[in-house]
Amino acid sequence: MSNQEIYLDYAATSPVDPAVAAAMLDCLQHEFGNASSQHAAGKRARQRVEGARAAVAARVGAAPERLLFTSGATEANNLALQGVLRRQRKPRPHLVTSRIEHKSVLDTARALETEGVEVTYVDAEADGSIDPRRVAAAVRADTALVSIMHVNNETGVIQDVSAIGALCRERGVPFHVDAAQSVGKLPLELASAPIDLCSLTAHKICGPKGVGALYIAPHVVLAAQLHGGEQERGLRAGTLATHQIVGMGKAYELADPLLEAPRLAALRDRLWQELGAIPGVRQNGAPARRAAHVLNVSFPGVDGESLRFALRSVAVSAGSACAADSPEASHVLTGMGLSDTLAGSSLRFSVGRFTTEAEVVRAAATVVGAVSRLRSVAKSAPAWCSGSGF
Ligand SMILES: Cc1ncc(COP(=O)(O)O)c(C=O)c1O
């Protein structure tokens with residue numbers, strides 16, 4: 001990243017912490033053994049893997065043996081949904097999720113529909129929350145799984161996973177939570193929470209890309225999605241990526257929400273203080289129930305993609321990064337009731353460990369200038385331009 005660039009896209013991914021990189025490098029240079037091998041090199045690699053598993057487990061309040069390493073939260077979400085639904089004996093098992101989940105849940109749900117699974121997509125409220133009563137109303141006698149994310153990646157809105165989990169427990173339905181955005185921002189105590197499956201990732205909290213984990217409560221049985229070895233209790237075949245796992249362990253050791261979240265919230269609020277002065281702007285997602293790192297803002301009269309492009313030195317997202325190459329309006333924002341045009345005029349800003357207040361202030365000034373320029377261009381555009389969503 002150049003010195004001029006201001007990175008405000010931590011919800012997409014984050015820079016690797018130097019301490020994480022050092023732990024990974026040490027592992028790459030000194031521990032090449034296969035963690036499944038029985039000789040000394042293999043045993044040392046296994047020790048590193050288990051040390052990392054313990055560190056991840058400590059951060060999320062789980063017993064280490066309940067965690068299974070994956071290639072990230074996408075794979076963990078796939079394994080959770082497919083693993084539960086493909087074990088069902090009923091011809092048309094039922095899945096409940098919401099319209100504002102990450103694509104790795106929504107696209108998996110759609111793939112399961114083609115295999116005969118019936119899916120209910122619960123609507124979001126205008127403030128970006130999922131009302132547990134809507135989930136309760138969607139659960140049926142044949143519901144095999146409920147999947148609701150903890151923190152939304154586009155708005156930062158925190159869902160009431162305790163209430164949703166409690167109602168799932170009452171009805172005897174397993175509950176899956178995608179917590180890719182919540183680790184390091186909110187405390188997690190999975191062992192005592194009414195949560196049966198939980199997806200985790202490393203790269204949102206200054207860990208490496210390509211590694212994550214799935215928490216699996218003791219009573220949950222999954223169908224394996226990868227075949228070819230007994231690694232990770234036979235549920236996830238393949239030689240363990242020791243250095244990636246070690247990096248994840250270090251990242252989880254460092255990501256203490258009690259230490260980091262107040263600083264991130266102050267940066268996010270400072271950003272809004274500056275951007276809120278732009279006429280007509282609005283925040284998306286209930287401010288009172290948002291994780292510390294995300295600020296989603298609509299700039300009416302400005303196309304979000306044009307604004308993102310005009311910012312050049314400020315890295316932000318229009319929609320989520322995974323969907324950024326799709327021209328459609330954000331399914332999260334439209335799912336909260338925003339028009340396509342207003343959703344299309346929105347940007348997601350997200351701060352993280354290495355963001356400074358000076359950067360936030362400089363980025364805000366750049367945004368204020370760009371919005372004003374784009375709005376004046378739009379005003380002076382010929383009539384044939386109107387209605388283009390610009
Ligand atoms: C809420 C959420 N779930 C899942 C994912 C996918 O995570 P990964 O990149 O580790 O596959 C992301 C990352 O974009 C996310 O924000």
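The rules behind these values
- Residues numbered from 1 in each chain as written.
- Predicted model: local features only at pLDDT ≥ 70, side-chain atom pairs only at ≥ 80, totals over all residues.
- Heavy atoms only, no water.
- Axes fitted to C-alpha atoms, helices over the stretch in contact; angles between N-to-C directions.
- Helix = DSSP H or I, 4+ residues; strand = E, 2+ residues; numbered from the N terminus.
- Parallel < 35°, antiparallel > 145°, perpendicular 65-115°, else oblique.
- Left-handed = near helix turned anticlockwise from the far one by under 90°.
- Contact = heavy atoms within 4.5 Å.
- Domains from an automatic or database assignment.
- Buried area = accessible area lost by both parts, 1.4 Å probe.
- Salt bridge = Lys/Arg side-chain N within 4 Å of Asp/Glu carboxyl O.
- Pairing = 2+ DSSP bridges.

Caption draft 1: Structural view of the packing of helix α2 (residues 40–60) against helix α7 (residues 242–254). For the pair α2 and α7, the least separation of the axes is 8 Å and the interaxial angle reads 30°. Classed by the angle they form, the pair α2 and α7 counts as roughly parallel. As α2 runs across α7, the sense of the crossing is left-handed. Residues A45, R48, V49, A52, A55, V56, R59 and V60 of α2 form the contact with α7, whose own contacting residues are T242, I245, V246, M248, G249, Y252, E253 and L254.

Caption draft 2: Layout of the domain arrangement of the protein. The assigned domain composition of the protein is domain 1 (6–14 + 256–378) and domain 2 (18–254). Residue-level contacts link 31 residues of domain 1 with 36 residues of domain 2. A buried area of about 2900 Å², summed over both sides, lies between domain 1 and domain 2, and 54% of it is on carbon and sulfur atoms. Among the residues of domain 1 in contact with domain 2, R289, H331 and M336 are the three that bury the most area, contributing 22% of the side total. Linking domain 1 to domain 2 there are 0 salt bridges.

Caption draft 3: Up close: the sheet that holds strand β4 (residues 118–122). What the 7 strands build is an open sheet, ordered β2-β8-β7-β6-β5-β3-β4; its pairing is mixed. Single-partner strands in this sheet number two, and they are β2 (67–70) and β4. Neighbour to neighbour, the strand axes of the sheet diverge by 20° on average, direction disregarded. Sheet topology note: the strand β3 (residues 94–98)/strand β5 (residues 143–147) ladder contains 3 bridges and is parallel. When the bridges of β5 are listed, V96 appears paired with V146.

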